[in-house]
Structures are given as C-alpha cells and as structure tokens.
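Observations on chain architecture
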Amino acid sequence: MSITHLIILLIVVVLIFGTKKLRNIGSDLGGAMRDFKKGLEGEDKPKDEQRLQADPPVAKPAEQKQPDSTESK
C-alpha cells in the first residue's frame, strides 16, 4: 500500500464517520486501554471504591387510608 492509498482511505473514513465521531471513538478506546492496563497492574483500591453502588431505593407512595365500611356513622 502506498501513501496515496492511505490518504484516500483516511479521507473516506473521515467523510463516512465525521471528525466528532472519530474523536469520541478515540477517547473511548483510550479510556478502555487505560482501564485494562490498570487492571493488569493489579492496582489496589479500597473495597468501598471497588463495590458497585446500586441506585438509591425508590420511595414507596404513602398509603392512603380508606374509610372502613364497617364503621357506623
């Protein structure tokens, strides 16, 4: 492959994906590689940071008291 082939290929890729999309793909790929390397190094973190945090519990709506049909008026 010559340099002209590579330039044409680069132009086609930029036209198809756009520069913003390529920038996002590059940053996502870089972040994934960084996390992978940290995982291989065995970086120790406190257990609190390693643990996944769940969403806070959903508040239940207040129960409405319904009049008792057995009460006499």
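Everything below is about the structure printed above this text.
About the cut-offs
Within each chain, residues carry numbers counting from 1 in the order of the written sequence. Local features in this predicted model are restricted to residues whose pLDDT is 70 or higher, and side-chain atom pairs enter the listing and the counts only when it is 80 or higher, whereas totals over whole chains, interfaces and linings include all residues. Derived side-chain values reflect all non-hydrogen atoms in the structure, with water molecules and hydrogen atoms excluded from consideration. Each helix is a run of H or I in the DSSP string that is no shorter than four residues. Each strand is a run of E no shorter than two, and both are numbered from the N terminus. Computed by Shrake-Rupley with a 1.4 Å probe, the accessible areas treat only the displayed protein chains as cover when residues are assessed. Every axis corresponds to a line fitted to the C-alpha atoms, with the helix fit spanning only the stretch in contact, and the corresponding angles, defined between N-to-C directions, vary from 0 to 180 degrees. For classification purposes, angles smaller than 35 degrees are called roughly parallel, those larger than 145 roughly antiparallel, those between 65 and 115 roughly perpendicular, and all remaining angles oblique. Contacts are residue-level and defined by heavy atoms, with any inter-residue pair within 4.5 Å sufficient. Gly counts as polar in this scheme, as do all residues outside two lists: the nonpolar Ala, Val, Leu, Ile, Met, Phe, Trp, Tyr, Cys and Pro, and the charged Asp, Glu, Lys and Arg.

Some words on the overall build of the protein chain
- Scanning the protein chain from terminus to terminus reveals three helices and zero strands.
- The order of helices and strands in the protein chain, counted from the N terminus, is α-α-α.
- Carbon together with sulfur atoms contributes 59% to the accessible area of the protein chain, which is approximately 7900 Å² in total.

Observations regarding the packing of helix α1 (residues 3-17) against helix α2 (residues 19-41)
- Interhelical geometry of α1 versus α2 gives an angle of 100° and a closest axis separation of 6 Å. On the basis of their axis angle, the class for α1 and α2 is roughly perpendicular. Counted together, V13, V14 and F17 of α1 and T19, K21 and L22 of α2 form the full contact between these two elements.
- Grouping the constituent residues of the contact of α1 with α2 by class yields four nonpolar, one polar and one charged.

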